[in-house]
Amino acid sequence: DELSAHGIGLPGQKSQVNRTVKIEMRDNMRFSPDKIKVKQGDTIRFVISNAGALKHEFVLGTKPSLQSHNAFMQKHEGMDHADPSMVTVMPGQSAEIIWKFTNSARVLFACLQPGHFVAGMQGSVTVVADRYSPHTDNSSAPLTPPDEQHEHMHH
């Protein structure tokens with residue numbers, strides 16, 4: 001199931017939170033900050049505040065799941081979410097999501113209010129594998145993007 005949370009982690013427990021990240025949503029269709037780095041296995045408490053006059057939301061997902069969910073939201077306008085990976089925040093309000101990032105991957109977040117996603121209201125969480133942790137798998141995938149690795153090599 002595309003909207004299942006496995007690719008992006010799991011809902012976290014309050015007792016396991018080891019970092020709080022504050023995110024502000026604005027009517028210029030931006031999150032601030034819109035780039036976050038976390039360690040694999042971290043449980044993050046997102047405190048999401050809406051600094052605008054419009055209703056915004058914070059939805060964690062992968063690019064395909066956000067795109068398909070966004071299309072769904074366009075057809076079912078006014079739907080509010082009751083999913084642990086997403087929250088709708090009214091103007092001037094704030095809300096929390098506690099999320100445990102179990103996979104080392106890029107997780108995106110976006111606002112899926114009609115028109116906001118395409119206007120660029122999205123950001124990314126880079127989950128960095130903790131190479132000293134015994135829990136990570138043995139894949140030694142480099143952290144640099146593939147196009148940067150071969151620049152110094154001449155064929």
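Parameters at a glance
- Residues numbered from 1 in each chain as written.
- Predicted model: local features only at pLDDT ≥ 70, side-chain atom pairs only at ≥ 80, totals over all residues.
- Heavy atoms only, no water.
- Helix = DSSP H or I, 4+ residues; strand = E, 2+ residues; numbered from the N terminus.
- Buried < 20%, exposed > 50% of the residue type's maximum accessible area, 1.4 Å probe, protein only.
- Contact = heavy atoms within 4.5 Å.
- Areas by Shrake-Rupley, 256 points an atom, 1.4 Å probe, with all protein chains shown as cover.
- Pairing = 2+ DSSP bridges.
- Axes fitted to C-alpha atoms, helices over the stretch in contact; angles between N-to-C directions.
- Phe/Tyr/Trp six-rings, centres within 6.5 Å; stacked < 30°, edge-to-face > 60°.
- Lys, Arg positive; Asp, Glu negative; His and termini not counted.
- Salt bridge = Lys/Arg side-chain N within 4 Å of Asp/Glu carboxyl O.
- Polar contact = N/O pair within 3.5 Å; in protein donor to acceptor, adjacent residues only side chain to side chain.
- Core = buried A, V, L, I, M, F, W, Y, C linked by side-chain atoms within 4.5 Å.

### Quick word on the overall build of the protein chain
The helix and strand tally for the protein chain stands at two helices and 10 strands. When the helices and strands of the protein chain are read in sequence order from the N terminus, they spell out β-β-β-β-β-β-α-β-β-β-β-α. Taken over 155 residues, the protein chain has a buried fraction of 37%. Restricting the contact set of the protein chain to residue pairs at least 6 apart, pairs at least 24 apart contribute 76%. Total accessible area computed for the protein chain in this model is approximately 9200 Å², and 51% of it derives from carbon and sulfur atoms.

### Side note on the sheet that holds strand 7 (residues 86-89)
One open sheet accounts for five strands, arranged 4-10-9-6-7; its pairing is mixed. Two strands bound the open sheet, and with one partner strand each, they are strand 4 (35-39) and strand 7. Strand after strand, the sheet turns through a mean of 20° between neighbouring axes, direction not considered. Here strand 9 (residues 106-110) pairs with strand 10 (residues 122-128) via five bridges, running antiparallel. Of the residues in strand 10, the one forming a bridge with Leu-108 is Ser-124. Its contacts with the sheet place helix 1 (residues 63-75) against strand 6 (56-61), strand 7 and strand 9, and it is angled at close to 140° to strand 6.

### Quick notes on the packing of aromatic side chains
Here the structure, examined in full by the defined rule, presents five aromatic pairs. Ring geometry for Phe-31 and Phe-58: centres 6.0 Å apart, planes at 80°, overall edge-to-face. With Phe-31 in strand 3 (residues 30-32) and Phe-58 in strand 6, this pair connects stretches of sequence that are 27 residues apart. The buried category is assigned to Phe-31, whose relative accessible area is 4%. With a centroid separation of 5.0 Å and 90° between ring planes, the pair formed by Phe-31 and Phe-109 is classed as edge-to-face.

### Thoughts on the sheet that holds strand 3
Across the sheet, five strands lie side by side as 1-8-5-2-3; this open sheet has mixed pairing. Either end of the sheet is taken by a strand with one partner, and the two such strands are strand 1 (10-11) and strand 3.

### Examining unusual backbone geometry
With an omega dihedral of -5°, the bond running from Ser-32 to Pro-33 counts as a cis peptide bond. On the secondary structure map, Pro-33 appears in the loop between strand 3 and strand 4. Residues other than glycine seldom take positive phi values, yet Met-29 does so here, at roughly 65°. Tracing the backbone through its elements, the reader meets Met-29 in the loop between strand 2 (19-26) and strand 3. Residue Met-29 is classed as buried on the basis of its relative accessible area, which comes to 15%.

### Concerning the side chain of Asp-42
If you trace the backbone, Asp-42 turns up in the loop between strand 4 and strand 5 (43-50). Although Asp-42 is buried, it forms no salt bridge, and the closest oppositely charged side chain is Arg-19 at an N-O distance of 4.8 Å. A polar side-chain atom of Asp-42 sits 3.2 Å from a polar atom in the side chain of Asn-18. Those residues in contact with Asp-42 that lie beyond four places of it in its chain are Asn-18, Trp-99, Lys-100 and Phe-101.

### Things to note about the nonpolar core
Counting 25 residues, the largest nonpolar core has Phe-46, Phe-58, Leu-60, Phe-101 and Val-125 as its most contacted members. Those elements giving two or more residues to this core turn out to be strand 2, strand 4, strand 5, strand 6, strand 7, strand 8 (94-100), strand 9 and strand 10. One finds Leu-66, Met-73, Leu-108 and Ala-110 within the second-largest nonpolar core, a separate group that totals eight residues.

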